[in-house]
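Listed here are the chains, written in short residue letters.
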Amino acid sequence: MHVRHLTVGDFRSYVSADLPLAPGVSTLVGLNGQGKTNLAEAIGYVASLSSHRVATDAPLVRFGAQRAVVRAAVVRDGRESLVELEITPGRANRARLNRAPLTRPRDVLGTLRTVLFAPEDLALVKGEPGERRRFLDELLVQRQPRWAGVRSDYEKILKQRGALLRSAQPVLSRRGRGRGRTPEGVDPAEARADALRTLDIWDEHLATVGSRLLYARLRLLRDLVPHLVAAYQEVSANQAAVTAVYRSSLHEQAAAAVADGEVPEPERLHELILESLAQVREQEIERGVTLVGPHRDDVVLGLGEMPAKGYASHGESWSFALGLRLAAYQLLRHDLGDDPVLVLDDVFAELDSGRRERLAGLIADCEQVLVTAAVSEDVPEALAGARFDVTLGEVRPG
Ligand SMILES: Nc1ncnc2c1ncn2[C@@H]1O[C@H](COP(=O)(O)OP(=O)(O)O)[C@@H](O)[C@H]1O
Ligand SMILES: [Mg+2]
């Protein structure tokens, strides 16, 4: 697929901008701070309804404006779809697909698929587990948009279970046991039994949705790793083998079963989550947080025998992060029988000339690639395509 046209209004530094695009490579060139990444971010937003730079929508709206608009005409198999998004911080986004308003904006997911690689991705290797969980979950959604619903259900369950743990803490904690009746005349033992029953129900919800998410992540990682190994080799021409192993927060044997390589059945994962919750219940009541489940998991990235985090050099980390994104690209391409749009934000400046040329070779056959660079000399000749100059929130054909 490819984007034929992108329009933004009151988005980041742009009052308005029009970007006519074609298949092949398009390069946005401009000095730092001129608005290149803002456009890359807008394309990514159409595909994922989130930014690769910020967790909330407010910074996406031009400072002082009320709302931002992003429009993309997307061509897939010769058929064009128009996605229109209105971003209003503090309120639900509004979305239209081919001019028809959507009741649920997330129904636009899947219309455009992108893989975006940006300097922020170094955090995939060096950052906290949350970065790697987000990578997996966002890729799940790019692969099959229905996972967006499962992700948001899981988030809701976590919130409500957390609220329950905290509100029930006085009746559940040891300190609360054995005292007389509360001022309302409730028997503490009864109140306790009541709270525990409610908690059991939430354990069940958590295990039901959590096991689905865990199962999907494990299968995704299993499918992704061969692409990762290949992509890392190609980018770095390095001998070190890369590994990516799921590290689950479940109890020890369960975690071992999950890391084993064979993906357990969802029913088994459901049981393992319930067992693990039972083991940590006392601690959860004390601390008022859910201690096991997909929200506490990680993916351990390794280079040779060593973990990448803390050991890999800057260049190796960079190649690893790039390898993860290129692997995501290959996975989507093979799965969907269609190329996602590849966005490479400020990537070439960071690479030595060997890596630049190898990367250029790797992406030469992609349907559409959008590249940003501060100076055009950083972009290999092989990628010469359409060029746009970006200055002070304006974009013009170069
Ligand atoms: N919400 C916003 N309103 C107005 N300007 C913004 C907003 N968000 C970012 N900017 C401006 O956009 C510029 C950065 O654009 P960016 O696309 O990241 O630059 P680059 O060309 O280096 O990739 C900065 O000057 C920043 O002040
Ligand atoms: Mg930038």
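Scroll up for the structure.
All of the points below concern the structure found in this document. (Residues numbered from 1 in each chain as written. Chains lettered and ligands numbered in written order. Predicted model: local features only at pLDDT ≥ 70, side-chain atom pairs only at ≥ 80, totals over all residues. Heavy atoms only, no water.)

### Things to note about the pairing of strand S14 (residues 386-391)
Rules: Strands pair, by our definition, only if DSSP identifies at least two bridges between them. Counting from the N terminus, the helices are DSSP H or I runs at least four residues long and the strands are E runs at least two residues long.
Note: strand S3 (residues 24-29) against S14, four bridges, orientation parallel. Along S14, the bridge assignment pairs Thr-27 with Arg-387. Examined bridge by bridge, S14 and strand S15 (residues 394-397) share four bridges and lie antiparallel to one another. Looking at the pairing, Val-390 lines up with Val-395 of S15. Connecting S14 to the next strand, S15, in antiparallel fashion are two residues, including Leu-392 with a positive phi near 40°.

### Quick look at the sheet that holds strand S7 (residues 100-101)
The test is simple: Contacts are assigned to residue pairs with any non-hydrogen atoms lying within 4.5 Å of each other. The axes used here are C-alpha line fits, helices contributing only the stretch in contact, and every angle between their N-to-C directions lies in the interval 0 to 180 degrees.
Taken in spatial order, the six strands line up as S2-S1-S4-S5-S6-S7 in an open sheet, and their pairing is antiparallel. Of all the strands in the sheet, the pair left with one neighbour each is strand S2 (14-20) and S7. Bridge count between strand S6 (residues 94-97) and S7: two bridges; the pairing is antiparallel. Paired with Arg-96 across the two strands is Pro-101, which belongs to S7. Sitting on the sheet, helix H1 (residues 36-48) touches strand S1 (2-11), S2, strand S4 (68-76) and strand S5 (79-87), and the angle it makes with S1 is about 110°.

### Concerning the environment of Phe-63
Counting through the fold element by element, Phe-63 comes out in the loop between H1 and S4. The spatial distance from the C-alpha of Phe-63 to the C-alpha of Tyr-14 is 9.8 Å, given a sequence separation of 49 residues.

### Some points on the site of ligand 1
To be explicit about the condition: Proximity is defined per residue: if any heavy atom of the residue lies within 4 Å of a molecule or strand, that residue is considered near it. Any N or O atom pair separated by 3.5 Å or less is treated as a polar contact, with the protein-specific requirement of one donor-capable and one acceptor-capable atom, and with residues adjacent in sequence counted only for side-chain atom pairs. Here the accessible surface of atoms and residues is derived via Shrake-Rupley with a 1.4 Å probe, and residues count as covered only by protein chains that are part of the display. Amino acids outside the nonpolar list (Ala, Val, Leu, Ile, Met, Phe, Trp, Tyr, Cys, Pro) and the charged list (Asp, Glu, Lys, Arg) are all regarded as polar, and Gly is one of them.
Residues in contact with ligand 1 amount to 15 residues; listed here are only the nearest, Gly-33, Thr-37, Asn-38, Pro-59 and Phe-63. In this structure, a nitrogen atom belonging to ligand 1 sits 3.2 Å away from a main-chain N or O atom of Arg-12. One nitrogen or oxygen atom from the main chain of Lys-36 is found 2.8 Å from an oxygen atom belonging to ligand 1. Taken by itself ligand 1 offers 580 Å² of open surface, and the protein chains cover 70% of this. Classifying every residue of the shell around ligand 1 by side-chain character gives four nonpolar, seven polar and four charged.

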